[in-house]
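Structure assessment
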Amino acid sequence: MLAAKNDDGGPAVPVDLAFGAVTSYRNDEGSPLHDDQLTAASDVLLSCSRLDAIVGPAGTGKTTTLGAVKAAWEVAYGVGSVVGLAPAAASAEVLGSELRMVTENVAKWLHESVGSGAAERAARFFQADDRLRGASVPHGPIVRRLQQEVARLAAEQAQWRFQPNQLVIVDEASMVSTFQLAALVGQAKVSGAKILLVGDPAQLDSIDAGGVLGWLDRQGIRHGCPTEHDIRICADRLQESGRSRVSHSGELLDKVDRRGNQRHRGCSPDQRSNQSARLLTDQSGEELKDHHNHQRSHHHDDPPVG
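Residues numbered from 1 in each chain as written. Predicted model: local features only at pLDDT ≥ 70, side-chain atom pairs only at ≥ 80, totals over all residues. Heavy atoms only, no water.

Re the overall build of the chain
- Tallying secondary structure elements over the chain gives 13 helices and five strands in all.
- Among the 306 residues that make up the chain, the fraction classed as buried is 51%.
- Here the chain has roughly 14300 Å² of accessible surface; of this, 51% comes from carbon and sulfur atoms. (Helix = DSSP H or I, 4+ residues; strand = E, 2+ residues; numbered from the N terminus. Buried < 20%, exposed > 50% of the residue type's maximum accessible area, 1.4 Å probe, protein only. Areas by Shrake-Rupley, 256 points an atom, 1.4 Å probe, with all protein chains shown as cover.)

Structure (structure tokens):
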């Protein structure tokens, strides 16, 4: 988690797309974002951080902010590029309904992606592949069934893998254990995805070791931010459209003044600051084989995902 906090290699949304999407966004009641929601949404969208957070008590507009983040992200990376996770099946279902996206509970995801579910799937794949390679007749109904089984298992595993440039929203993140969050962040790094933690550190903590959301809130999440030139161009566009927010643009310009000197993937040059976003497959058969071989050579118990 320490490494993820300082990892600026995550995907981000281009400045013009981000500003256009968040300023034109309307919730179900037809209302635009407030200034603090605009700031939080823009921070997340423009940030190159692998691990980000939106923190705030219930009723402060986190869901509306997430709706704008999702809309902007899908403009940049396409429909389905945002998925959600939550600590319980019921909360995952609510999150999916509110944001109209695919969701799953954290324990199920880890079980199927790196836990017992993945190990069993890899074993079945390995067995079917061995039978297919050893078939005496290269054609016929048995061979076709084995080919279908191998393809089905590979496709099934691909469903439990983050995709490049995907945004993974983890709701009620204070209730997710540190071990689980570390596993999710590790998967995101391998796949080129981004993790966004959402919640209130003052609410219930995880039964297991937790506290990551509160720790991030206290430490602050480092955000990449656009260059001053980019910001001024977007500010001019916002003024022309009648939706300019002086305080919002000013805050972003302040961040530009604190920028660093490193180029990050998905961001403009000279992007780095220390602001916290705060609110008030291709899964191949070879990967399945690697997972199976790893399980056979390392006799460790599955990570606790409950």
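From this point, the discussion proceeds with the structure in view.
Notes on the confidence of the model for the chain
- In the predicted model, the chain carries a mean pLDDT of 75, and the fraction of residues at 70 or more is 64%.
- Below a pLDDT of 50 lies the segment residues 222-227, which in the model reaches 37 contacts outside its immediate sequence neighbourhood of four places, other chains included.
- Residue range residues 294-306 is modelled with pLDDT below 50. Its contacts to residues more than four positions away, or to other chains, number 14 contacts. (pLDDT = per-residue confidence, 0-100. Contact = heavy atoms within 4.5 Å.)

A few points about the packing of aromatic side chains
- One pass over the full model with this rule turns up three aromatic pairs.
- Seen from their ring centres, Trp 109 and Trp 160 are 5.5 Å apart, and the 65° between their planes marks the pair as edge-to-face. With Trp 109 in helix α6 (residues 106-113) and Trp 160 in the loop between α8 (141-158) and β4 (167-170), this pair connects stretches of sequence that are 51 residues apart.
- Trp 109 gets classed as buried once you look at its relative accessible area, which sits at 9%.
- Taking 4.8 Å as the distance between ring centres and 10° as the angle between the ring planes, the aromatic pair formed by Trp 109 and Phe 162 counts as stacked. Taken as a pair, Trp 109 in helix α6 and Phe 162 in the loop between α8 and β4 lie far apart in primary sequence, 53 residues in all. Across this residue pair, the class does not change: Trp 109 and Phe 162 are buried. (Phe/Tyr/Trp six-rings, centres within 6.5 Å; stacked < 30°, edge-to-face > 60°.)

Quick notes on the environment of Ser 42
- Assignment of secondary structure puts Ser 42 in helix α3 (residues 35-46).
- Residue Ser 42 is classed as buried on the basis of its relative accessible area of 1%.
- A polar side-chain atom of Ser 42 sits 2.9 Å from the main-chain carbonyl oxygen of Leu 38. (Polar contact = N/O pair within 3.5 Å; in protein donor to acceptor, adjacent residues only side chain to side chain.)

Quick notes on the side chain of Thr 103
- Tracing the backbone through its elements, the reader meets Thr 103 in strand β3 (residues 103-105).
- Leave out the neighbours within four places in its chain, and Thr 103 touches Gly 84, Ala 92, Glu 93, Leu 95 and Gly 96.

Section: the sheet that holds β3
- The strand order across the open sheet built from five strands is β1-β5-β4-β2-β3, with neighbouring strands paired in parallel fashion. Two strands in the sheet have a free side with no partner beyond their single neighbour: β1 (51-55) and β3. Pairs of neighbouring strands in the sheet enclose a mean axial angle of 25°, with direction left out of account.
- Relative to strand β5 (residues 194-199), helix α4 (residues 62-77) is tilted by about 165°, and along the sheet it contacts β1, β2 (82-86), β4 and β5. (Pairing = 2+ DSSP bridges. Axes fitted to C-alpha atoms, helices over the stretch in contact; angles between N-to-C directions.)

What to know about the packing of α6 against helix α7 (residues 116-133)
- Put simply, α6 and α7 touch, their axes get as near as 4 Å, and they point 25° apart. Relative to α7, the element α6 lies roughly parallel. As for how α6 packs across α7, the hand of that crossing is right-handed. On the side of α6, the interface is formed by His 111, Glu 112 and Ser 113, while α7 contributes Ser 116, Gly 117, Ala 118 and Arg 121.
- Looking at the contact of α6 with α7 residue by residue, the class counts come to one nonpolar, four polar and two charged. (Parallel < 35°, antiparallel > 145°, perpendicular 65-115°, else oblique. Left-handed = near helix turned anticlockwise from the far one by under 90°. Nonpolar A, V, L, I, M, F, W, Y, C, P; charged D, E, K, R; others polar.)

Observations concerning α6
- The set of residues buried in α6 consists of Val 106, Trp 109, Leu 110, Glu 112 and Ser 113.
- Among the structural elements, β2, β3, α7, α8 and α9 (178-191) are those in contact with the buried residues of α6.
- Capping the start of α6 is the job of one residue whose side-chain oxygen sits 3.2 Å from the backbone nitrogen of Ala 107: Asn 105.

Regarding the pattern of salt bridges
- One pass over the full model with this rule turns up eleven salt bridges.
- In this structure, the salt-bridge partner of Glu 156 is Arg 121, at a minimum N-O distance of 3.1 Å. Note that Glu 156 is positioned in helix α8 and Arg 121 in helix α7, a separation of 35 residues in sequence.
- With relative accessibility at 1%, the residue Arg 121 sits in the buried group.
- In this structure, Glu 149 engages Arg 152 in a salt bridge whose closest nitrogen and oxygen atoms are separated by 3.0 Å. Within this pair, Glu 149 and its partner Arg 152 are both found in helix α8, separated by three residues, close to a single helical turn.
- Glu 149 sits in the partly exposed class, given a relative accessible area of 25%.
- Overall, Arg 152 belongs to the partly exposed group, its relative accessible area being 40%. (Salt bridge = Lys/Arg side-chain N within 4 Å of Asp/Glu carboxyl O.)

Some thoughts on the packing of α6 against α9
- For the pair α6 and α9, interaxial distance at closest approach is 11 Å and the crossing angle is 55°. What the angle tells us is that α6 and α9 run oblique. Two packed elements cross with a definite hand, and for α6 against α9 that hand is left-handed. Here Val 106, Trp 109, Leu 110 and Ser 113 of α6 come into contact with α9, specifically with Gln 180, Ala 183, Leu 184 and Gln 187.
- In the contact of α6 with α9, the residues fall into five nonpolar, three polar and no charged.

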